[in-house]
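Fold and geometry: a report
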Amino acid sequence: MLILNGKDVAKEVRSTLALRVAEFAKKVGRTPHLSVVIVGDDAASHIYVRNKKKACESVGMTSQIIAMPTKTTQQELNKQIAALNTDSSVDGILVQFPLPAHLSADEVLKLVAPDKDADGLTYASLGYFFAGKPFVKPCTPEGVMTILKHYGISVEGRRAVVVGRSNIVGKPMAHLLTEANATVTLCHSKTNDLSSVVREADLVVVAAGKARFLGRNDFKKDAIVIDVGMHHDGPNGKLCGDVRTEELEGWVQAVTPVPGGVGPMTIATLLQNTCLLAEKRAGL
Ligand code: NAP
């Protein structure tokens, strides 16, 4: 069973990106810049945001964290986003979710300009993406496509099943696989006999958000399994995914581990997206 090592792929993506960033700086006279807005004091979110800043710096990009207090009003948040939309020194904007309960994610997803949306998840960005004219592609599904490409796994003409239909993972994943000429089935919590549908697939992307949900009997022999899930309730409190990976040895062809699979690619793709947006804005 081949382990699709997202950590290694992410490292490679970052070193290619560092060269691109240096080239950008030479031509444009500044580095691509990501602004990250965080509201409130959720400890985990602050760690994620600091990691994103560090990741930017690791490839030579700059990043600024705009930390707003929990009591921030919707109007203040909207004003901050509008200012970033028009600030010519900002290439990418990311608003860290979840927001405090009194603030609306919906408003944010309507407001961030698609040509600065580093996550590729605002309503306008998704519209362009599904119409086949993306500014950038949503990070996690695009990260999965990069893993497949890295390992020379072609999906053309093959049966793919995506489990989960969120705007963040499932739907854009199904779209990218369709664009890569796979024949795609998108499953969700109302799918009848999920296991029999999944067993038909050559490639399965599992993004149901249910810890250790699918195992050996759910997959066809020699399937390729991409586990997007991320949970803190594995054996001994360890990080685990949506798949019981330990059951798959000798059965599936390849699998992404958790941790070290899709996760590192999400952040690497965020950096790639920021650089791409900067290049587009600079007319490169
Ligand atoms: P989400 O918004 O909760 O969506 C989960 C999807 O799974 C929904 O479409 C839901 O169906 C479907 N589902 C739930 N139970 C199911 C079942 N029993 N059978 C079939 N489908 C079922 O989650 P998400 O944001 O897409 O994230 C999914 C997982 O990926 C989470 O564990 C999350 O932490 C992880 N994630 C990881 C990364 C990363 O970088 N590795 C990035 C993003 C997300 P309905 O639509 O019918 O409710």
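Notes on the structure in this doc start here. (Residues numbered from 1 in each chain as written. Predicted model: local features only at pLDDT ≥ 70, side-chain atom pairs only at ≥ 80, totals over all residues. Heavy atoms only, no water.)

Focus on the site of the ligand
Near the ligand there are 20 residues, and of these Arg165, Ser166, His188, Ser189 and Thr266 occur at the shortest range. Between Arg165 and the ligand, the recorded distance is 2.7 Å, taken from a side-chain N or O atom to an oxygen atom. Here Ser189 contributes a side-chain N or O atom positioned 2.6 Å from an oxygen atom of the ligand. (Near = heavy atom within 4 Å. Polar contact = N/O pair within 3.5 Å; in protein donor to acceptor, adjacent residues only side chain to side chain.)

Comments concerning the packing of helix α1 (residues 6–28) against helix α9 (residues 262–281)
To describe two helices that pack against each other, one gives the angle between their axes and the distance between the axes. Contact geometry of α1 with α9 gives a least axis separation of 9 Å together with a crossing angle of 20°. As summarised for this structure, α1 and α9 are arranged roughly parallel, according to the angle between their axes. In the crossing of α1 with α9, the sense of the turn from one axis to the other is left-handed. Here α1 contributes Gly6, Lys7, Val9, Ala10, Val13, Arg14, Leu17, Arg20, Val21 and Phe24 to the contact with α9, which in turn contributes Pro264, Met265, Ala268, Leu271, Gln272, Cys275, Leu276, Ala278 and Glu279. Looking at the contact of α1 with α9, its residues break down into 13 nonpolar, 2 polar and 4 charged. (Axes fitted to C-alpha atoms, helices over the stretch in contact; angles between N-to-C directions. Helix = DSSP H or I, 4+ residues; strand = E, 2+ residues; numbered from the N terminus. Parallel < 35°, antiparallel > 145°, perpendicular 65-115°, else oblique. Left-handed = near helix turned anticlockwise from the far one by under 90°. Contact = heavy atoms within 4.5 Å. Nonpolar A, V, L, I, M, F, W, Y, C, P; charged D, E, K, R; others polar.)

Some points on the sheet that holds strand β2 (residues 33–39)
Pairing is parallel in the open sheet, where 3 strands are placed in the order β3-β2-β4. Both edges of this open sheet fall to β3 (62–68) and β4 (92–95), since each of them pairs with a single strand only. Across the sheet, the mean angle from the axis of one strand to that of its neighbour is 15°, orientation sign disregarded. Bridge analysis of β2 against β4 gives 4 bridges, and the strand direction is parallel. Looking at β4, one finds that Val36 is bridged to Leu94. (Pairing = 2+ DSSP bridges.)

Function-wise, these values are silent; they only describe arrangement.
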